[in-house]
Amino acid sequence: MRRNTTTKTGADLLQGTLDLLILKTLAPGPMHGWGISRRIRQISEEFLRVNQGSLYPALHRMVLKGWIVSEEGLTDSRRRVRFYRLTAAGRRRLGEEMRDWDQMVVAIGSVLKAT
Amino acid sequence: MIGSGIRKLLSRFSRARMEEQTEDEIRFHLEMEAQANQARGMTAEDARRAARMDFGGEAQTRETVRDVYSTLLDSLLQDIRYSFVLFRRNRGFTLAAIITLALGISAATSIFSVVDATLFRPLPYPQPDRLVRIMGWSPEKASYYEGISKDYFAAFREAQSFEGVSAYTWYPSLPILYNPGGAENVVGATVSPNLLRTLAAPVLYGRDFRSEEETYGNDKAVMLTYGSWQKRFGGDLNVIGRSLPFADGQRTIIGVLPADFRYPSLLSAFMPEMLIPFPVDWTRASSDPGYYLLARLKPEVRLSEAQAEVDLISGRNNQSLPQNQRVSFRLLPLQEHLVKYKRTALLLLFGAIMCLPLIGCLNISNMLLARGLARRQELGIRIALGAGRTRLARQLLTESLLLSLAGGALGVLLSFWMLPLLLAQLPSTLRLGLNDIAIDGRVLLFSLGLTLAAALIHGLWPAWSGSRADVAGFLRKGDSRGGRVGAGGFKPALLIAESALAMVLLVGAGLLINSFLRLGALPVGFRTDNLCRVGFLYSSLTEKRYPSVQSVLDYNRNMMDRIGAIAGVAEVAAVDYPPLRGDRIGAPVVVPGLPDAQRLDVRHVTAEYFAVIGMNCISGRLLTAQDEASAPRVAVINASMGRRYWPGRSPLGQTIVVDKKWTVQIVGVVQDVREQSVQTDPQPGVYVPLGDPDYPKLRSLTFIIRTTTGNPAVYRAIAQQARAADVRQVIEVTRYSDAVAFRTPRFYAILFGICSAFAVTLVAIGIAGITAYSVSQRTFEIGVRLALGARPRQVIFMFMRRSVFTVAAGLVAGAAAALLATRMLGDLLFGVKPKDPLTFTVMLVFFLAIASAAAYLPARNATRVDPMTALRAE
């Protein structure tokens with residue numbers, strides 16, 4: 001069972017949008033995995049629940065692509081965990097993805113409005 | 001994505017830490033989630049469970065993260081491990097596939113080493129593409145000729161396009177060397193002193209020829225090749241400067257050529273022992289026979305530019321000449337000159353042999369496809385468990401690649417044994433070029449390429465179809481036995497393609513074997529078994545050593561007596577031109593009533609000739625020993641000659657003039673024999689008695705010997721006695737059964753025979769394998785059919801039908817292709833047309849019979865299925 005079928009919210013994120021959300025979430029500053037998932041959930045007011053099964057592989061994939069880097073850091077509770085930070089390449093990517101997203105929204109919107 | 005590749009690679013080294021951290025990360029995530037849940041009022045237990053449920057599969061996540069980092073190498077190693085497990089499980093198939101590939105690849109490797117050395121590898125000289133032959137060109141005959149006159153030789157030397165122009169001979173010249181043990185013909189080559197400079201070939205020891213050694217009197221130098229330096233002088237460095245006694249005077253050894261020096265001869269078997277300067281008397285205007293010219297183009301000069309200059313030179317001279325004396329020249333790259341006659345033949349052989357690995361691959365591909373069905377279950381489960389289709393295809397291709405590599409490695413090893421075998425059979429007419437034929441780096445590269453190509457050819461389709469395994473269908477049916485699974489596996493297209501290829505080879509083999517048999521069965525007019533000839537190799541009895549006619553006659557008599565005295569020799573005769581030595585121009589014969597002299601096949605023979613050959617007298621009488629006593633006064637003609645010039649009349653008593661010299665009366669007519677060559681129909685011929693002491697050919701007679709047994713000891717004794725007659729003569733003994741006339745056709749017949757036998761066997765194995773496989777897959781169905789009352793015959797037919805029909809389609813396609821392809825055999829065929837319907841039919845029926853037998857044997861096993869067992873197994 002790959003997907004968490006119990007939460008039938010917007011969990012089935014569009015392929016590719018997860019990367020965008022992660023990049024956007026990391027834009028203000030470094031964050032650990034759980035923080036990222038919580039933040040996405042908070043901002044979208046519980047509508048988007050990031051499937052953890054895809055969050056971590058996605059993070060590692062993005063590390064390999066050079067968009068983010070992972071580094072050791074301490075949490076508020078002084079635990080040593082992995083933090084993720086946006087790189088310059090990641091920031092560029094975020095810009096591109098946002099532009100693409102806007103274009104897509106416009107495109108889909110116009111398709112839906114058309115009679 | 002290079003950056004990502006490097007990062008992946010680096011991550012391999014910190015794999016353990018990476019996994020540990022991921023572990024930590026997940027644990028931390030779950031704890032935090034649980035805490036958050038607890039803060040919302042859940043019990044500790046519920047909070048943890050909710051966190052876990054929310055997270056999804058932990059193991060799955062770990063696995064996926066690991067996948068992100070796993071490189072191609074990891075999955076490759078995994079695939080290889082898995083492949084080995086499978087190979088062990090299917091030993092029979094694996095072994096068959098490897099052997100098939102090994103045989104195909106080794107055959108291809110062997111023939112490629114011949115083709116590469118001959119056609120593709122550059123000649124063993126620096127900048128070999130600059131070397132050109134300057135050939136005479138005859139526009140009427142559209143053919144090249146060799147000998148070029150001294151004037152043009154001089155003119156081309158002055159030409160701006162060439163760095164150097166040298167004269168040489170590509171056939172042996174045979175200076176006589178007086179050794180302490182007796183005189184001997186040294187296999188030599190006469191060359192312009194600048195030949196080595198033109199070739200840019202270095203001298204190992206000593207010095208190169210000097211240009212003054214081109215003039216008469218100054219030409220007493222000799223250059224040793226490495227082989228003869230080792231053989232004759234034991235590699236002694238002090239030989240340089242030593243003087244050697246030749247028949248035409250003392251010559252000084254000036255140098256030794258390196259071991260890798262190759263003489264640019266058209267006859268690749270000809271490696272001279274010594275090079276001797278070619279003296280030219282530039283001052284005297286003599287009608288010399290002509291020079292064979294080899295030139296090196298200047299680095300910046302293109303072939304077309306050089307040709308233009310040559311044309312200019314000949315054009316200038318031609319202006320002052322009458323039309324029929326004008327000459328033209330063509331530049332021909334040396335490489336091309338050496339192989340031009342045999343390129344097609346070699347490429348034909350190469351093409352034929354390349355069919356073998358191809359057929360092998362198609363066969364393996366088909367077997368893999370059929371087996372792919374058996375693996376449906378395995379592949380289906382892997383897909384269901386989440387293996388990607390590309391990953392699956394990669395696994396299947398890895399298996400093919402491993403099979404191929406094993407076959408290729410074994411094949412290359414095999415070819416070290418197969419190549420000498422091939423070379424031993426290769427007729428000298430196909431051994432051209434100057435490069436050694438060996439399995440070298442280039443050949444190994446070819447084998448590697450072929451191996452990889454083989455993997456793709458046999459693996460691509462099975463990989464594609466395997467990775468598209470229908471999961472849903474497999475899961476629905478729950479087993480692999482339902483439906484028409486077994487029969488659906490192989491691809492008819494592949495079987496059609498391989499049987500078509502095999503058919504082309506088989507037809508080719510059929511035609512070649514047919515023409516070889518025809519050659520052998522041809523009524524030559526005389527039996528060639530137990531027949532041999534003894535003749536001088538390149539030489540004759542020189543006037544220097546045999547000054548008087550009497551000494552020549554004595555030598556010939558002595559030879560006849562010595563050979564005649566050997567036990568096992570039935571009869572000896574002497575002749576000026578031995579039979580089956582190829583076409584000859586003939587001698588002019590004046591026949592009464594015809595204005596022009598006819599060019600006819602005239603042979604001077606001793607009286608025994610007719611008995612030795614076995615020619616029967618048709619009318620009149622044969623020649624006798626008395627006829628030899630004087631210049632020819634009588635002659636015997638053959639039946640063809642009688643029919644042509646005296647149709648319906650008896651030629652006996654007619655008088656003809658032979659060779660402008662001898663007026664002879666026809667005293668007898670003998671039957672026709674194929675004396676020129678096996679392929680040539682009997683020509684009108686005249687036999688005059690050997691007797692005229694002035695006849696120059698008396699100095700180079702050939703002795704024809706009929707033995708009573710084929711015992712090799714007799715031939716050894718003949719060779720021994722023939723040499724003992726004068727140890728200073730170079731004598732050659734040739735058995736007629738080994739005559740060159742048969743060697744080339746036999747080689748082609750054997751080679752195509754082996755290739756096509758191999759190809760047909762492969763196809764048969766393929767058919768048998770596929771049929772056996774589909775039988776094993778359909779036991780249940782067979783059980784049902786038999787239980788319902790199907791007759792064994794029907795079951796057998798059911799299994800045979802599909803494979804035999806498919807092969808039949810392939811054979812028809814192959815026969816159609818062969819109609820086009822056999823045209824290339826052209827002049828290799830004798831007495832049979834490239835479209836010989838008989839050969840086509842016989843081969844078609846033969847192949848079909850083999851295919852049916854191959855399908856029948858496993859199909860018969862189907863009837864041995866016990867219905868009860870088959871059904872109970874469900």
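Source: prediction; values computed, not measured.

A. Inspection of the overall build of chain B at higher detail. Check the secondary structure of chain B and you find 27 helices and 24 strands. Counting the 874 residues in chain B, one finds 51% classified as buried. In chain B, the share of contacts with a sequence separation of at least 24, taken over all contacts with a separation of at least 6, comes to 82%.

B. Structural detail: the overall build of chain A. Across its full length, chain A carries four helices and three strands. Helices (α) and strands (β) of chain A occur, in sequence order from the N terminus, as α-β-α-α-β-β-α. Considering chain A as a whole, with its 115 residues, one finds that 44% of them fall into the buried category. Of all intrachain contacts in chain A linking residues separated by at least 6 positions in sequence, the fraction that spans at least 24 positions is 53%.

C. Seen up close, the packing of helix α1 (residues 17-26) of chain A against helix α4 (residues 88-113) of chain A. Residue and element names in this part refer to chain A. Running from N to C, α1 and α4 cross one another at 125°; their axes reach a closest spacing of 9 Å. Taken together, the axes of α1 and α4 are oblique relative to one another. Between α1 and α4 lies a crossing whose hand is left-handed. Facing α1, whose interface residues are T17, D19, L20, L23 and K24, α4 presents G90, R93, L94, E97, M98 and W101. Of the residues that constitute the contact of α1 with α4, the class distribution is five nonpolar, two polar and four charged.

D. Just the nonpolar core, in detail. Residue and element names in this part refer to chain B. Y168, L275, L505 and F752 are the most contacted members of the largest nonpolar core, which has 103 residues in total. With 13 residues, helix α23 (residues 740-777) is the single largest residue contributor to this core. If sequence neighbours within four positions are ignored, L275 has contacts with A189, V191, L196, F209, A221, V222, M223, L257, F261 and Y263. Of all hydrophobic cores here, the second largest spans 45 residues; its members include V591, V658, L701 and V714.

E. Structural context of the environment of P427(B). Mapped onto the elements of the fold, P427(B) is located in the loop between α14 (389-425) and α15 (441-467). Along the primary structure P427(B) and T744(B) are separated by 317 residues, whereas in three dimensions their C-alpha atoms are 5.6 Å apart.

F. Representation of the confidence of the model for chain A. Per-residue confidence for chain A averages 77 on the pLDDT scale, and 78% of its residues sit at or above 70. Predicted confidence is poor over residues 1-12 of chain A, with pLDDT under 50, and the contacts of this stretch with residues over four places away or in other chains come to 15 contacts.

G. Spatial organisation of the pairing of strand β12 (residues 292-297) of chain B. All names here are of chain B. A large share of β12 lies buried, amounting to six of its six residues. The alternating pattern of β12 places Y292, L294 and R296 and L293, A295 and L297 on opposite faces, both of which are buried. Direction of pairing for strand β3 (residues 162-168) relative to β12: antiparallel, over a ladder of six bridges. Within β12, the position partnered with A167 by the bridge is L293.

H. Representation of empty space enclosed by the protein in the model. Counting across every chain of the model gives three cavities of 30 Å³ or more. Of the residues that constitute the lining of the largest cavity, the class distribution is eleven nonpolar, seven polar and three charged.

I. Looking closely at the side chain of R262(B). Residues and elements named next belong to chain B. On the secondary structure map, R262 appears in the loop between β10 (249-256) and β11 (274-277). Of note is the side chain of R262, whose polar atom sits 2.9 Å from the side chain of D436. In this view, R262 contacts P124, Y125, L434 and D436; residues no more than four positions away in its chain are not counted.

J. Up close: helix α10 (residues 303-318) of chain B. An ideal rise of 1.5 Å per residue puts 22 Å on 16 residues; α10(B) measures up with 22 Å between its terminal C-alpha atoms. Within α10(B) the residues assigned to the buried category are A306(B), Q307(B), E309(B), V310(B), I313(B), S314(B) and N318(B).

K. Examining the sheet that holds strand β3 (residues 80-86) of chain A more closely. All names here are of chain A. Pairing is antiparallel in the open sheet, where three strands are placed in the order β1-β3-β2. Both edges of this open sheet fall to β1 (31-32) and β2 (68-74), since each of them pairs with a single strand only. Of the pairings in the sheet, the one linking β1 to β3 comprises two bridges and is antiparallel in character. In the sheet register, M31 faces β3, and the bridge partner there is Y84.

L. Spatial organisation of the packing of aromatic side chains. Residue and element names in this part refer to chain B. If you walk through the whole model with that rule in mind, you get 21 aromatic pairs over all chains. Residues F112 and F350 carry aromatic rings whose centres are separated by 6.0 Å and whose planes lie at 45° to one another, so their mutual orientation is tilted. Taken together, the residues span a long stretch of sequence, with F112 in helix α6 (residues 91-120) and F350 in helix α12 (residues 343-374) at a distance of 238 residues. Considered together, F112 and F350 belong to a single accessibility category, that of buried residues. For the pair F610 and Y687, a centre-to-centre distance of 5.4 Å together with 70° between the ring planes defines the contact as edge-to-face. Placement of F610 in helix α20 (residues 609-613) and of Y687 in strand β22 (residues 685-689) is noted, with a sequence separation of 77 residues between them. Joined through ring pairs, the aromatic side chains of F112, F120, F350 and F446 make up one cluster.

M. Fine view of the environment of I850(B). All names here are of chain B. Along the chain, I850 falls in helix α26 (residues 837-862). Owing to a relative accessible area of 28%, I850 belongs among the partly exposed residues under this scheme. Spatially, the C-alpha atom of I850 lies 9.9 Å from that of V804, the residues being 46 residues apart in sequence. Excluding residues within four positions of it along the chain, I850 makes contact with V760 and A764.

Definitions and limits used
- Residues numbered from 1 in each chain as written.
- Chains lettered and ligands numbered in written order.
- Predicted model: local features only at pLDDT ≥ 70, side-chain atom pairs only at ≥ 80, totals over all residues.
- Heavy atoms only, no water.
- Helix = DSSP H or I, 4+ residues; strand = E, 2+ residues; numbered from the N terminus.
- Buried < 20%, exposed > 50% of the residue type's maximum accessible area, 1.4 Å probe, protein only.
- Contact = heavy atoms within 4.5 Å.
- Axes fitted to C-alpha atoms, helices over the stretch in contact; angles between N-to-C directions.
- Parallel < 35°, antiparallel > 145°, perpendicular 65-115°, else oblique.
- Left-handed = near helix turned anticlockwise from the far one by under 90°.
- Nonpolar A, V, L, I, M, F, W, Y, C, P; charged D, E, K, R; others polar.
- Core = buried A, V, L, I, M, F, W, Y, C linked by side-chain atoms within 4.5 Å.
- pLDDT = per-residue confidence, 0-100.
- Pairing = 2+ DSSP bridges.
- 1 Å grid on protein atoms, 1.4 Å probe; cavity = no way out; pocket = protein on both sides within 12 Å on 5 of 7 lines; lining within 4 Å.
- Points joined across faces, edges and corners; volume = space filled by probe spheres on them.
- Polar contact = N/O pair within 3.5 Å; in protein donor to acceptor, adjacent residues only side chain to side chain.
- Expected span 1.5 Å × (residues − 1).
- Phe/Tyr/Trp six-rings, centres within 6.5 Å; stacked < 30°, edge-to-face > 60°.

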